[in-house]
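# Breakdown of the fold
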Amino acid sequence: MAVGIISYGAYVPRYRIRSEEIARIWGDDANIGRALNVHEKSVPGADEDVATISVEAARQAMRRAPTGPDDVGAIYVGSESHPYAVKPTGTIVQAAIDAGPYLTMADYEFACKAGTAALQTGMGLVQSGMAKTVLAIGTDTSQGAPRNALEYSASAGGAAFLLGAERKHILAELHHTVSFTTDTPDFWRREGQKYPSHGERFTGTPAYFRHVEAASQRLMEDQKTKPDDYDHCVFHQPNGKFPVNAARRLGFKEPQWRHGLLAPRIGNTYSGAALLGLANVLDHAEPGDRVFVCGYGSGAGSDAFDCTVTKNILNYDRSEAERLETRLADTTELDYAMYAKLRGKLVMGGNGA
Amino acid sequence: MTGRTAYVVGAAHTPFGEAWDKSYRHLMTDAGLAAIQDAGVQGEDIDEVFVGTMSTGKLVGQEHVASLLLDGAGLADQHLPATRIEAAGASGGLAFRQGVQAIRSGAADVVVVGGLEKMTDVSDADQAAVTASGIDQEWEHFFGATDAALHALIAKRHMARYGTTREQLAAVAVKNHAHGARNPLAQFRRPITEETVLRAPPVAEPLGMFDCAPTSDGAACVVLCSDAVVDSYGGKAVQVSGSGQASDTLSLSDRADLTSWRATEHAARRAYQEAGVSVADVDVAEVHDAYTITELLAVEDLGFVKKGEGGPATVEGRTGDGGDVVVNPSGGLKARGHPVGATGIAQVCELTWHLRGTASDRQVKDARIGVAHNTGGTGATAVVHVLEGVQ
Amino acid sequence: MTVPRFWREIPQRYNLQASKCGACDAIHYPPRTVCPECRRASIGNLEEVKLSGRGTVLESTRVHKAAPGYEAQVPYTLALIQTEEGPVITGQVVDHDGRAVSAGDDVRAVFRRLGEDGDAGVIYYGTKWVLA
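Residues numbered from 1 in each chain as written. Chains lettered and ligands numbered in written order. Predicted model: local features only at pLDDT ≥ 70, side-chain atom pairs only at ≥ 80, totals over all residues. Heavy atoms only, no water.

If you walk through the whole model with that rule in mind, you get 25 aromatic pairs over all chains. Between phenylalanine 142 of chain B and phenylalanine 143 of chain B, the ring centres sit 6.4 Å apart and the planes meet at 40°, which makes this aromatic pair tilted. A relative accessible area of 10% places phenylalanine 142 of chain B in the buried class. Chaining the aromatic ring pairs together yields one cluster made of Trp139, Phe142 and Phe143 of chain B together with Phe6, Tyr14, Tyr29, Phe111, Tyr124 and Tyr125 of chain C. Over the face of the ring belonging to tyrosine 8 of chain A we find arginine 64 of chain A, whose NZ or CZ atom lies 4.6 Å from the ring centre. Here arginine 13 of chain C stacks its cationic end above the ring of phenylalanine 143 of chain B, 5.4 Å away from the centre of that ring. (Phe/Tyr/Trp six-rings, centres within 6.5 Å; stacked < 30°, edge-to-face > 60°. Buried < 20%, exposed > 50% of the residue type's maximum accessible area, 1.4 Å probe, protein only. Lys NZ or Arg CZ within 6 Å of the ring centre and 35° of its normal.)

Take a look at the structure:
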C-alpha cells in the first residue's frame, strides 16, 4: 500500500535576531554568522510556544487537506521544548483542529529528529491500515544558554504533515525510510535544566556526520539511487554549514538544497528543521520531482526518506498566502535586549517575577 | 409616585484616600456613627440596614460583612435585618435604592445605608483584579481586557463619532480636581492643569493616569426615614423623589452602540418620571466619573447635554461651577476618590449637603434638585436618584 | 482562571465555537443558552457553529497597564473585533509591530497562549488576532 503526504503546513514566528547582534553582546567576531552560515534566526513571540506553533502548522495542513479531522487516527508532535514536561502537546493540537477523540497519540522527543520520527510512525500506521490519516508534527522553540554557541542558531518553528494512503490525495509519495541510531551523547538536556549542553566539536564527525551519512547511504543503497537522481535534498540543519558539508560529501550539489536549506535565514528549528525544509521544497516542487530528506537528532540518530512529488501537487493550494516564503518575508528585527526578554533570559525578582 | 416617601435625614462619609491606620470595620463604624448622629436617630429607632460593598472578599478576605459591620457599630443586640448589596461600582447606589424601597414599601420607617471599600490592604495587582471583576472575567478580562482598556475603547469610539478631543477628556479631570480642592474629605485637594492630564503616563490610549479615578479607602453612610417619622428629624430632611435602576449586557462587545449607556438612560428616565422633574430642573449632580470619558457619557445619557456635546459642554463650563448643572461639586470619583462601594453613598451625602445648603465654600447656589448617578463595570448597572431639598 | 473553568470552554476559546439561533439565524459568541431576540422560541433550538476567524477591527486601544498575565507584552493592543458572522469579540491583536491598528482593519484569528497559572500551573491557550 502506498503512503504519502496528503497535506502540510508550516509556521515560523515573525521575530528575528541577527547573528551580529548576538556577537555584539558577547564580544564575538561579527562575522560569526558567515562562519556558521546563520545570518539571523527566528524567535517566538511572548505568547508563542511549541503548542501554538504546532497548532498553526496543523491548522494550515488541515485547511488544505482533502480529508477532514475525523479521519485523523493519530497525532504525533515531536519536540525537545514541549511546553509541559508531563502532559501532551498533541491533545492541544487535537482540540484546536477538532480531531478525535477516537485517535491515538504521544509526544515525541529525540533532540532534533523527533519530527522525522513522528513522520516515520505515521508512515507505519497508515501503511498498516491502523489509521486512515496521521498528523506528524515537528516543532521547537529551542533555547541556547546566553553566550553559548547555540545561541546563534537555536530558533523556533515547526511543520505538520498529514499522511494518507489514497493515491488520489498523495502529493508526495514516501517510498522508503531508513534510520541509523547509536548511543552517542553529543548533546543533551538533563531533567530540570533550562538550557541544553553539548560536546562542542564532538557534535560534528562522530555525531552529525556519521549518522547522517550512514542513514543517507543506506537509503540510497536500498533504493538503488544516487544523489543525481534527486531534484531536491533536505538535511537536518543545526547551522547552515553542516548540511551543506554533509550534502557535498554524499555527492549532492548546490542547486539541490536551494529550497531545503532554511537555516541561514531562520536558524535551527530543531525538530522543525528538516520538516520545514521539506515543506518549502513542496511549495516549489513540480510533479515528478524526487526529494531526499535526512533528519538528525543528537543522542543520536538519523532518519532518511525517499519521496516523489505527484501530479496532485498541481491541484493543491500553494497560493501566495499559503507559501512558507511569504511568511518568511514578513519579519520584525529584535535587538538582544528584547530577545532576552521574550526568551525569558532576564532574571525576574520581587514583584516583577 | 403615590404612597410613602423616603427622606435622607443623616449623611456622613470618612475622608477618602489612603487610610493606612483604619481597617474596613473602623471606616464603616466612623461613617455610620457620624450619619446616625447627624440624623439624631437612636439604635432602637433603626428598622433595617443595607451595606453596599464590591469586594470585601478579595480585598480583606471577609464576606458576610453586613452583620459584622452592624456589630461594629454596637448594634448587634438590636438583631436588625442587615443585608449586603453588590453591583461592582454601583454597589453603593443599589444599597441606597434598597433602603428607599424598604421605606416606600412600608417595611421600615428608619433605614441605615452604608457603603465602603478598603482597597489599600492589598497589592496593586490585587486591586486591579478587583476593579476588573466588574467586567466579564471569562470573555473580556481573560482575553486581555482591563476596565480601563474597555473605557478607552469607548473613548475612542466617542472621539471618532462625535469629534470629542483628548483635551475635552482632560477638561473633565481638570474641573473635578478644581472641585475636589474645595472638598475637605476629598482624596485629591489640589487643582491640576490640562498639561498634567495630557502628560500623565498612559493607561490605555487615549486614557492616562489622570483620566482614571484613584484607588481609595473610605466609607459613607446615610440614614433614611419615612414621611411617618420625618418630622422628628427637624429641618435636615432631603426628599428622595425619584429612584431608577437599569441594567445592560455585562460585556461591552454585546452593545450595538458603545457611546451611550442605555442603563443610564433607562434609570434616569424612571427616576425623573417618578420625581416629576425634567432634566432642565436639575441644579447639581454627582455622576460616576470613574474615567473622564464616563463623565461625558453620564452628562449626555442623563440628558444634561445633547448626545455628543459632553466634551464641548465641559470645556465651556456648562457642567462646572456656575454652569447649567454643576456636575461633581465633590470632585467626583476622580478627585474625591473612589472607594468603590462607598461612592454611591458619598454621592448622596454630597447632594444632601448641597440641598440642605451646608456644603460650605463649594455650595451650589440655590440648589433645589440634585441627581445621583452610580454605575458598575462598563455600564451594565446604572442607578439614578433624584433628591430634592425640603423647604 | 482555574482548570475546570478553562477546560469546559476549550471549544469556544480554541475554535470560536458560537451558537446559532434556529428561529432567527442570529449567531452569538460566546454561545448562549437562549437567543436574546427570540427568547422562548429559541430554547432547544440553538445549534453549535464555528466562526471563521475572519473579522475587522471595530475599535482598538494600546494597553499600558496590563491585565494579569499580559505584563510582559505591554504595551499591547486590545480590540473589539467584528466577526464576519456578526458577533463582536474582545481580543488582543498581536504581531503588528510597526503597523498601527485602526478601526476597519481586517484581522484573522490565531492560536496563542492567553495565560498560565504561574510557572508550575496549567497553560491557557486560545484565540488572538493578527492583521490579515
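Now that the structure has been shown, the text picks up again.
All names here are of chain A. The domains assigned to chain A are domain 1 (4–170 + 325–345) and domain 2 (176–313). Centre-to-centre separation of domain 1 and domain 2, based on C-alpha positions: 16 Å. Taken together, the contacts link 58 residues of domain 1 with 50 residues of domain 2. Broken down residue by residue, the surface that domain 1 buries against domain 2 is led by Tyr8, Cys112 and Glu325, which jointly contribute 16%. Joining domain 1 to domain 2, the criterion identifies two salt bridges. Where domain 1 packs against domain 2, one counts 28 residue pairs in polar contact (both at pLDDT 80 or more). (Domains from an automatic or database assignment. Contact = heavy atoms within 4.5 Å. Buried area = accessible area lost by both parts, 1.4 Å probe. Salt bridge = Lys/Arg side-chain N within 4 Å of Asp/Glu carboxyl O. Polar contact = N/O pair within 3.5 Å; in protein donor to acceptor, adjacent residues only side chain to side chain.)

Residue and element names in this part refer to chain B. Contact geometry of helix α7 (residues 147–162) with helix α11 (residues 292–301) gives a least axis separation of 9 Å together with a crossing angle of 60°. By the criterion of interaxial angle, the relationship of α7 to α11 is oblique. The crossing of α7 and α11 is left-handed. Contacts between α7 and α11 involve His151, Ile154, Ala155 and His158 on the former and, on the latter, Ile293, Thr294, Leu297 and Glu300. (Axes fitted to C-alpha atoms, helices over the stretch in contact; angles between N-to-C directions. Helix = DSSP H or I, 4+ residues; strand = E, 2+ residues; numbered from the N terminus. Parallel < 35°, antiparallel > 145°, perpendicular 65-115°, else oblique. Left-handed = near helix turned anticlockwise from the far one by under 90°.)

A separate point is the environment of glutamate 116 of chain C. Residues and elements named next belong to chain C. Take glutamate 116: it is sitting in strand β7 (residues 106–116). In this structure the C-alpha to C-alpha distance between glutamate 116 and tyrosine 76, which are 40 residues apart in sequence, comes to 18 Å. If we skip the residues at most four places from it in the chain, glutamate 116 touches Val122, Ile123 and Tyr124. Polar side-chain contacts of glutamate 116 include one of 3.1 Å to the side chain of arginine 113.

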